[in-house]
Amino acid sequence: MSVQPQTILFAQHGMTDLSGCQTIARLAYALDLKDTLIVTPEVHWLRTLFYLEPLIQSVEAVVVETLNKYPDVPIRIIATSMGGVLWAELLDRHPEWWARVHSLVLLGSPIGGSHIARRVDPFGWGIGIARDLAVDRSAIACQIAEKIPTLVVASDCGYGHDGIVSVESTKVCGAEFVCLSGVSHPDLRIHPAVGEEILKFWASIE
């Protein structure tokens, strides 16, 4: 973008997303925001199998560089799956960003802790990314949602989960909550109904 953007949209992919930022970028661009700089921080899919901290630091560097370049531009955030957990941590560490955040959208993010991760690492021994994704970050997310308009989009494909993440683990107190039906976890990044819910949410907070 050659001119000063009016908004910055950070779109964050999730764990083992082989298409990485390309898929989440498709959703971001499909929203057709005018005068918006879309930033899709890439964390290589292989790194998402290990620990969250290096991923947080990697995305943090991109965000800091972008915010310093455009110090007065408000930001929006869309994050899917593990990307939402990552951004919850980032926002918790940087409350000075909150005043700039127009909105936070979490797509199938296990904020309350992943039940699959708890099965992989039931004793908290630190088995790869499972250790970090099993953590319940509900308190952090609730504090954020008190200050930043937040939308949670989940999906129930049967038995209370989207195939990977349970509906219950996505819920954040104080956030608007939408549960779709029959949308698989990977498809939360690209399904038209997700885009419709995001646009509806944005319109409601303008």
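Shown above is the structure to which this text applies.
Residues numbered from 1 in each chain as written. Predicted model: local features only at pLDDT ≥ 70, side-chain atom pairs only at ≥ 80, totals over all residues. Heavy atoms only, no water.

Caption draft 1: View of the state of the cysteines. Going through the model one piece at a time under the given rule, you end up with one disulfide. Residue C142 pairs covalently with C173 via a disulfide, S to S 1.9 Å. In this pair, C142 is assigned in helix α6 (residues 138–147) and C173 in the loop between α7 (167–170) and β6 (176–181), connecting sequence segments 31 residues apart. For C142, a relative accessible area of 13% puts it in the buried group. The thiol sulfur of C157 is not disulfide-bonded, and the nearest other cysteine sulfur, from C179, lies at 9.0 Å. Relative accessible area serves as the criterion here: at 38%, C179 is assigned to the partly exposed category. (Disulfide = S-S within 2.5 Å. Helix = DSSP H or I, 4+ residues; strand = E, 2+ residues; numbered from the N terminus. Buried < 20%, exposed > 50% of the residue type's maximum accessible area, 1.4 Å probe, protein only.)

Caption draft 2: Structural view of the environment of G84. Here G84 shows up in helix α3 (residues 82–93). Separated by 20 residues in sequence, G84 and L104 have C-alpha atoms that sit 9.1 Å apart. If near-sequence neighbours (up to four positions away) are discounted, G84 is found in contact with A79, L106, S109 and I111. (Contact = heavy atoms within 4.5 Å.)

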